[in-house]
Amino acid sequence: MKIESLRFQVGLIALMQALLLTNNVTLIAINGLAGAMLASDPTFATLPVTGYVLGAALSSMAASRLMRLRGRRAGYTVGSLFAIAGTLLAGYAVSERNLPLLVAATFVVGVYNAFGASLRFAAADAADAWRPNFRARAISLVLAAGIVGGVVGPEVSKLTREALPTMFAGSYLALSLFGVVSLALAQLLRLPESKAGTASGPARRLREILAQPVAWVAVLVAALSYGVMNLVMVATPLAMQVCSHPYAAAAFVLEWHVIGMFAPGLFTGSLIGRVGIVPVIVTGCLLMLVSAVIALSGIGLWEFTVALAALGVGWNFMYTGATTLLTTCYRPSEKNRVQGFNDACVFATMVSSSFSSGALLHVQGWYTINALSVPFVLVALGATLWAARSAGWRVGRVAA
């Protein structure tokens with residue numbers, strides 16, 4: 001197939017990623033606050049966030065299996081239907097001031113996230129089929145589409161949170177429209193299915209694949225990068241409310257955080273190709289440590305903004321590097337199983353961090369949350385350097 005088809009398919013996947021992140025960022029902005037509005041105990045304010053992440057965690061392997069059997073297009077179609085149903089239910093739940101129902105609704109929307117989490121791998125599939133040396137750049141470009149979500153999501157939450165008599169009901173209902181657009185785009189996907197022939201070899205057991213140091217380190221770095229980022233990000237709107245910052249300020253901080261997460265995707269793939277995977281992951285770890293230091297230095301708007309932006313860039317470097325590294329560890333016949341396991345680990349970590357975020361903020365405060373992030377980042381940093389040494393990589397350059 002001509003290279004123009006590769007561009008079209010990667011562009012289509014990027015648009016779907018933009019819609020996914022618009023949904024995601026809007027939910028980040030409102031879920032914790034909606035939970036605080038409905039919960040009698042502030043400790044449970046982040047339960048709607050936890051429901052969202054838990055839905056993704058518990059359905060990630062099933063989503064992977066469905067796409068292995070029916071293809072990416074079928075998977076993203078099902079995911080979009082869950083997005084529409086879940087956001088409509090969430091709008092009804094907040095209108096009824098029913099916290100358990102809101103948690104159930106965000107759980108349903110989380111299934112959409114489980115399917116959407118593989119969009120970066122879909123871009124890798126397209127590149128492998130038509131232009132293999134474009135793989136790292138395709139992954140990073142799709143992740144870069146999250147910039148749209150970083151800008152549109154906070155604006156959607158600001159414009160719609162008071163659109164209906166019940167706070168945030170309008171925001172949830174607006175997201176159902178994005179689900180409809182995602183459903184339409186999914187019908188245009190024409191991704192080649194990998195052929196597990198003799199060239200790729202028989203599929204190995206997951207245990208055997210993960211016995212490779214680079215494989216389990218890739219999963220560890222991906223999970224810890226998302227876990228730490230999620231721990232701090234989920235707490236941010238609530239922490240800024242406690243610190244007497246207006247909602248518009250919290251939306252502004254989240255906007256720059258998400259731009260920090262995805263804007264580097266415009267060049268991260270090229271950077272990996274030039275300097276290697278390890279230096280990019282290491283730089284991401286260092287940026288996350290810088291973020292924690294800035295957050296611990298004060299609670300003004302400047303500290304929140306710069307800390308969350310640095311956190312976003314650090315996450316991008318760590319997560320893109322880990323994703324690219326993981327794609328070097330499996331055969332085409334093994335991709336869905338490995339990708340599903342990776343996403344299950346990421347979502348499981350996010351469940352723990354999102355649930356503990358609200359409780360930690362309420363009991364221990366903003367400073368404790370940021371201080372706790374440091375040892376987890378150090379674990380990711382140490383594991384990356386250890387794997388690099390044990391696998392015989394040169395820390396200066398690794399093929400992407």
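What counts, and where the lines are drawn
- Chains are numbered independently. Their residues run from 1 in the order of the written sequence.
- Under the rules for a predicted model, residues below a pLDDT of 70 receive no local features and side-chain atom pairs below 80 are neither given nor counted, while totals for whole chains, interfaces and linings still include all residues.
- Only hydrogens and water are set aside; all other atoms, that is, all heavy atoms of the structure, feed into the side-chain values.
- Classification of ring pairs rests on two measures: the distance between centres of Phe, Tyr or Trp rings, Trp counted by its six-membered ring, which must be within 6.5 Å, and the angle between planes, read as stacked under 30 degrees, edge-to-face over 60 and tilted in between.
- Runs of H or I in DSSP of at least four residues are treated as helices and runs of E of at least two as strands, each being numbered from the N terminus.
- Partly exposed describes any residue whose relative accessible area lies between the buried limit of under 20% and the exposed limit of over 50%, with all areas from a 1.4 Å probe on protein chains only and scaled to the type maximum.
- A helix is expected to span 1.5 Å for every residue after the first.
- Among the buried residues, those of types Ala, Val, Leu, Ile, Met, Phe, Trp, Tyr and Cys that are joined through side-chain atoms within 4.5 Å form a nonpolar core.
- By the convention used here, residues are in contact when the closest approach between their heavy atoms is within 4.5 Å.
- Here an angle of 0 to 180 degrees is reported between the N-to-C directions of two axes, which are lines fitted to C-alpha atoms, with helices fitted over the stretch in contact.
- The scheme is simple: roughly parallel for angles under 35 degrees, roughly antiparallel for over 145, roughly perpendicular for 65 to 115, oblique for anything else.
- Residues are sorted three ways: Asp, Glu, Lys and Arg are charged, Ala, Val, Leu, Ile, Met, Phe, Trp, Tyr, Cys and Pro are nonpolar, and all the rest, Gly among them, are polar.
- A pair is scored as a salt bridge if a Lys or Arg side-chain nitrogen falls within 4 Å of a carboxyl oxygen belonging to Asp or Glu.
- Pairs of N or O atoms within 3.5 Å make up the polar contacts considered here, provided that, within protein, one atom can donate a hydrogen while the other can accept it, and that residues adjacent in sequence are counted only when both atoms are side-chain atoms.
- A patch consists of residues whose relative accessible area exceeds 30% and which take part in no salt bridge; residues with like charges are grouped when within 9 Å of each other, and nonpolar side chains (Val, Leu, Ile, Met, Phe, Trp, Tyr) when within 5 Å.
- Here the open area of atoms and residues is found with the Shrake-Rupley method and a 1.4 Å probe, where only the protein chains shown may cover a residue.
- Every residue gets a pLDDT, meaning the predictor's confidence in that residue, from 0 to 100.

### Some details on the packing of aromatic side chains
For the structure on display, the rule yields eight aromatic pairs. When the ring of Y226 is compared with that of W315, the centres are 5.2 Å apart and the planes differ by 70°; the resulting orientation is edge-to-face. With Y226 in helix α10 (residues 213-242) and W315 in helix α14 (residues 301-326), this residue pair connects regions lying 89 residues apart in the sequence. Considering the side-chain rings of F252 and W256, the 6.5 Å spacing of their centres and the 65° angle between planes classify their relative orientation as edge-to-face. Taken together, the positions of F252 and W256, both in helix α11 (residues 247-262) and four residues apart, correspond to about one turn of that helix. By relative accessible area, F252 is classed as partly exposed at 35%. W256 sits in the partly exposed class, given a relative accessible area of 39%.

### As for helix α13 (residues 277-296)
With 20 residues, α13 ought to run about 28 Å at 1.5 Å a step, and its terminal C-alpha atoms sit 29 Å apart, in line with that. Counting buried positions along α13 yields 14 of 20 residues, so the element is predominantly enclosed.

### Observations concerning the nonpolar core
Counting 126 residues, the largest nonpolar core has Y76, L102, Y172, M229, M288, W315 and W366 as the members making the most contacts within it. Top element by residues in this core is α10. It accounts for 18 residues. For M288, the residues in contact, after removing those within four places along its chain, are S225, V228, M229, L311, G314, W315, M318 and V377.

### Digging into the environment of S356
If you trace the backbone, S356 turns up in helix α15 (residues 335-363). When the C-alpha atoms of S356 and L185 are compared, they prove to be 36 Å apart, with 171 residues separating the residues in sequence.

### Some remarks on the packing of helix α12 (residues 265-275) against α13
In the contact formed by α12 and α13, the axes pass within 7 Å of each other and the chain directions differ by 125°. In this view, α12 runs oblique relative to α13, as classed from their interaxial angle. On the side of α12, the interface is formed by T268, L271, I272 and V275, while α13 contributes I277, P279 and V280. Partitioning the contact of α12 with α13 into residue classes produces six nonpolar, one polar and no charged.

### Observations regarding the side chain of S373
Note that S373 resides in helix α16 (residues 366-390). Its relative accessible area of 4% is what places S373 among the buried residues. Ignoring anything within four residues of it in the chain, the contact list for S373 reads V228 and A292.

### Here's the deal with the pattern of salt bridges
Under the criterion given, the structure shown has two salt bridges. The closest approach of N and O atoms between D125 and R72, which form a salt bridge, is 2.8 Å. Note that D125 is positioned in helix α5 (residues 119-130) and R72 in helix α3 (residues 72-95), a separation of 53 residues in sequence. Per residue, the accessibility class of D125 equals that of R72, and both read buried.

### Thoughts on the side chain of S225
Turning to its location among the elements, S225 is positioned in helix α10. When its relative accessible area of 0% is taken as the criterion, S225 is described as buried. In contact with S225, not counting residues within four places along its chain, are M288, W315, M318 and Y319.

### Focus on the environment of T324
With respect to the helices and strands, T324 occurs in helix α14. The exposure class of T324 is buried, given its relative accessible area of 0%. Once the C-alpha coordinates of T324 and A218 are considered, the two residues, 106 residues apart in sequence, prove to be 8.5 Å apart. There is a polar contact of 2.9 Å between the side chain of T324 and the backbone oxygen of T320.

### Topic: a nonpolar patch on the surface
Side chains of L88, L164 and L173 sit close together on the surface and give an oily, nonpolar patch of about 220 Å² of accessible area. Summarising the element assignment, L88 is placed in helix α3.

### Observations regarding the confidence of the model for the protein chain
One rule of thumb: low pLDDT means the predicted coordinates there are not for detailed reading. Chain-level statistics for the protein chain give a pLDDT mean of 84 and a share of 92% at 70 or above. Under a pLDDT of 50 for its full length, residues 394-400 has, in the predicted model, 21 contacts with residues more than four places off or in other chains.

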